[in-house]
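A closer look at the structure
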Amino acid sequence: MTFSILTYDKKTGVYAGAAATGSLCVGGWVLRGDIESGLCASQGTAPSTFWRDDAMRRLHGGAGAGDVVAALTGADTGRDHRQLAVLDRTGATAGFTGAASVPYAGFIAAPEVIVAGNMIRSRGVLEAAAAAFATREGTPAERLVAALRAGEAAGSDVRGLQSAALLVLSPVAPPIDLRIDDSARPLDDLAALCARVSAPPYATWLDEAPVAVDRSRAPRS
């Protein structure tokens, strides 16, 4: 049971998403993305990794968010126990919450951002996360951490939090794919890890790695 946020910035071309849950390994289960395609979050009582992976294949093929959600949820007889959020390459969003999802469960979809959650305290968790991302200044990672913290403060997963994850895809930087799989304070640990990857020597090394706009980038001799 999880809450998540997927975002897109048309000015920079950056896709960014994050998730947190009261169980283990949320990043491995929930978040997937591709710089050419968009983002998805597959979650719920019995989350489908097939939804997650099939969503990314369909997005890469050019399908829109709404068509992806309709195709995957319509074909799965177990859909009542699952939740899906999708953000496509244009920034369009769509979501699905199964009828048997643990309350509170739902999503808020708008152009370039979608937040979704289940087994959370109330819709206020989603509203707080979306508002924090919209108003917080800083890097995409900093804004995502702020969104998760706001969701936690507004009620969170009703069990508390045990894991958190963050994914940032930029055309001019290597991907940042961070996971805190088991922690008593996963958002603090995620924030600390974000700070470490943004500072030398790790950040210096990132400046030498290939990126979408320069797939041949390498250290200068």
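Refer to the structure above for everything that follows.
Residues numbered from 1 in each chain as written. Predicted model: local features only at pLDDT ≥ 70, side-chain atom pairs only at ≥ 80, totals over all residues. Heavy atoms only, no water.

**Examining helix 4 (residues 123-135)**
An α-helix turns once per 3.6 residues; consequently, residues spaced three or four apart project the same way. Put simply, the rule is: Each helix corresponds to a stretch of at least 4 residues labelled H or I by DSSP, and each strand to a stretch of at least 2 residues labelled E; elements are numbered beginning at the N terminus. One less than the residue count of a helix, multiplied by 1.5 Å, gives the span that helix is expected to have. Exposure categories follow from relative accessible area, calculated using a 1.4 Å probe and restricted to protein chains: below 20% of the type maximum is buried, above 50% is exposed, and the middle band is partly exposed. Of all possible arcs, the one meant is that of the directions from the helix axis to the C-beta atoms. By definition, residues are in contact when any of their heavy atoms lie within 4.5 Å. For this analysis, a polar contact is any N or O atom pair within 3.5 Å, provided that within protein one partner can donate a hydrogen and the other can accept it, and provided that sequence-adjacent residues contribute only side-chain to side-chain pairs.
For helix 4, built from 13 residues, the straight-helix expectation of 18 Å at 1.5 Å per residue is met to within 8% by its first-to-last C-alpha distance of 19 Å. Looking at helix 4, one finds that the buried residues are V125, L126, A129, A132 and F133. In an axial view of helix 4, the angular spread of the buried residues amounts to 135 degrees, which keeps them on one side of the axis. Structural note: helix 4 exposes A134 and T135 on the side pointing more than 90 degrees away from its buried face. Buried positions along helix 4 lie against strand 1 (2-9), strand 7 (105-110), strand 8 (113-118) and helix 5 (140-153). You can read the cap of helix 4 off the contacts: a side-chain oxygen lies 3.1 Å from the backbone nitrogen of G124, and it is on S122.

**Some thoughts on the pattern of salt bridges**
Side chains that carry opposite charge are capable of pairing whenever their charged atoms lie near each other. We count it as follows: A pairing counts as a salt bridge when a side-chain nitrogen of Lys or Arg comes within 4 Å of a carboxyl oxygen of Asp or Glu.
One pass over the full model with this rule turns up 10 salt bridges. A salt bridge links E36 to R215; the shortest N-O distance between them is 2.6 Å. With E36 in the loop between strand 3 (31-34) and strand 4 (38-44) and R215 in the segment after helix 7 (202-206), the pair connects residues that are 179 residues apart, well separated along the chain. Given the relative accessible area of 37%, E36 is considered partly exposed. When its relative accessible area of 58% is taken as the criterion, R215 is described as exposed.

**Things to note about the layout of surface pockets**
In this approach the atoms are scanned with a rolling probe the size of a water molecule, which exposes any empty space left behind. Basically, it comes down to this: Cavities and pockets are defined on a 1 Å grid built over the protein atoms alone: a cavity is a set of grid points where a 1.4 Å probe fits but cannot escape, while a pocket is an open set with protein on both sides within 12 Å along at least five of seven lines, and lining residues are those with an atom within 4 Å of any such point. Grid points are joined across faces, edges and corners, and a volume is the space filled by probe spheres set on the points. Residue polarity is assigned by list, with Asp, Glu, Lys and Arg as charged and Ala, Val, Leu, Ile, Met, Phe, Trp, Tyr, Cys and Pro as nonpolar; anything else, Gly included, falls into the polar class.
Roughly 390 Å³ of internal volume is contained in the largest pocket. Residue lining of the largest pocket: 18 residues in total, with V168, A173, I176, S198 and L206 positioned closest to the centre. Of all elements in the fold, only helix 5, strand 9 (163-170), strand 10 (173-180), helix 6 (186-197) and helix 7 reach the threshold of two or more residues within the lining of the largest pocket. In terms of residues, the lining of the largest pocket owes the most to one element, strand 10, which gives 4 residues. Considered class by class, the residues forming the lining of the largest pocket number 13 nonpolar, 3 polar and 2 charged. Among the secondary structure elements, those contributing two or more residues to the lining of the second largest pocket are strand 1, strand 2 (14-21), helix 4 and helix 5. Its residues assigned to classes, the lining of the second largest pocket shows 9 nonpolar, 4 polar and 3 charged.

**Examining the packing of helix 5 against helix 6**
Between two packed helices, what matters for the description is the angle formed by their axes and the separation of those axes. Put simply, the test is: Axis definition: a line fitted to C-alpha atoms, limited for helices to the stretch in contact. Angles are taken between N-to-C directions and run from 0 to 180 degrees. Any angle from 65 to 115 degrees is called roughly perpendicular, while one under 35 is roughly parallel, one over 145 is roughly antiparallel, and all others are oblique.
Where helix 5 meets helix 6, the axes come as close as 10 Å, and the angle between the chain directions of the two elements is 170 degrees. Classed by the angle they form, the pair helix 5 and helix 6 counts as roughly antiparallel. Contacts between helix 5 and helix 6 pair A141, V145, L148, R149 and E152 from the former with L187, D188, L190, A191 and C194 from the latter. By residue class, the composition of the contact of helix 5 with helix 6 is 7 nonpolar, no polar and 3 charged.

Shape descriptors only; they carry no functional weight alone.
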